[in-house]
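# Analysis of the macromolecular model
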Amino acid sequence: KPVEDTPAPLASSSGSSGEEAGDDLSQIKGVGPKLVTLLAENGVTTFAQIAAWSESDIAAIDAKLGRFKGRITRDQWVEQAKLLISGDKDAYAQKFGQNG
């Protein structure tokens, strides 16, 4: 019998196939490599997850960010994630500047 050698998917609502790493969260301004790692350790790997955060979600994740606490609201991650999901690069650039 074949052995299941594929890892279970991460807790994500993206439903993307074959991309276990999720989205490139470093596209969000204010999110660098350390925060990408920290978010992944807390199960956050997609723009969709961030875009769906409520105030209580933000507070819960923010409490786990240590020296990066406050970045979520200051850098408007939820709004950035929503624009990145929409693919509206012009709207993103107008509000947050060029990406990349």
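Now for a description of the structure that goes with this document. The structure displayed is predicted, hence computed values, not measured ones. (Residues numbered from 1 in each chain as written. Predicted model: local features only at pLDDT ≥ 70, side-chain atom pairs only at ≥ 80, totals over all residues. Heavy atoms only, no water.)

### Topic: the overall build of the protein chain
Stated formally: In DSSP terms, a helix is any run of H or I states spanning at least four residues, a strand is any run of E spanning at least two, and both are numbered starting from the N terminus. Every accessible area reported is derived by Shrake-Rupley at a probe size of 1.4 Å, with residue values counting cover from the shown protein chains alone.
Helices and strands together make up the secondary structure of the protein chain, namely six helices and zero strands. Ordering the α and β elements of the protein chain from the N terminus gives α-α-α-α-α-α. Counting every atom, the protein chain has about 6,600 Å² of accessible surface; 52% of that belongs to carbon and sulfur.

### Quick word on unusual backbone geometry
In plain terms, the rule: Any residue under 20% of the maximum accessible area for its type is buried, any over 50% is exposed, and the rest in between are partly exposed; the area is computed with a 1.4 Å probe on protein chains only.
Positive phi outside glycine occurs at glutamine 76, with the angle close to 55°. With respect to the helices, strands and loops of the structure, glutamine 76 is situated in the loop between helix H4 (71–74) and helix H5 (77–86). Classification of glutamine 76 by relative accessible area gives partly exposed; the value is 32%.

### Side note on the nonpolar core
Test applied: Put simply, buried Ala, Val, Leu, Ile, Met, Phe, Trp, Tyr and Cys residues joined by side-chain atoms within 4.5 Å make one nonpolar core. The contact criterion used throughout is that any non-hydrogen atoms of two residues lie within 4.5 Å.
Core analysis: the largest hydrophobic core is formed by 23 residues, its most contacted members being Ile28, Leu39, Ile50, Trp53, Leu65 and Trp77. For this core, the secondary-structure elements that each account for two or more residues are helix H1 (33–41), helix H2 (47–51), helix H3 (55–62), H5 and helix H6 (89–96). Element by element, the count of residues in this core is highest for H5, at five residues. Excluding its chain neighbours within four sequence positions, the residues that come into contact with leucine 65 are Leu35, Leu38, Leu39, Ile72 and Trp77.

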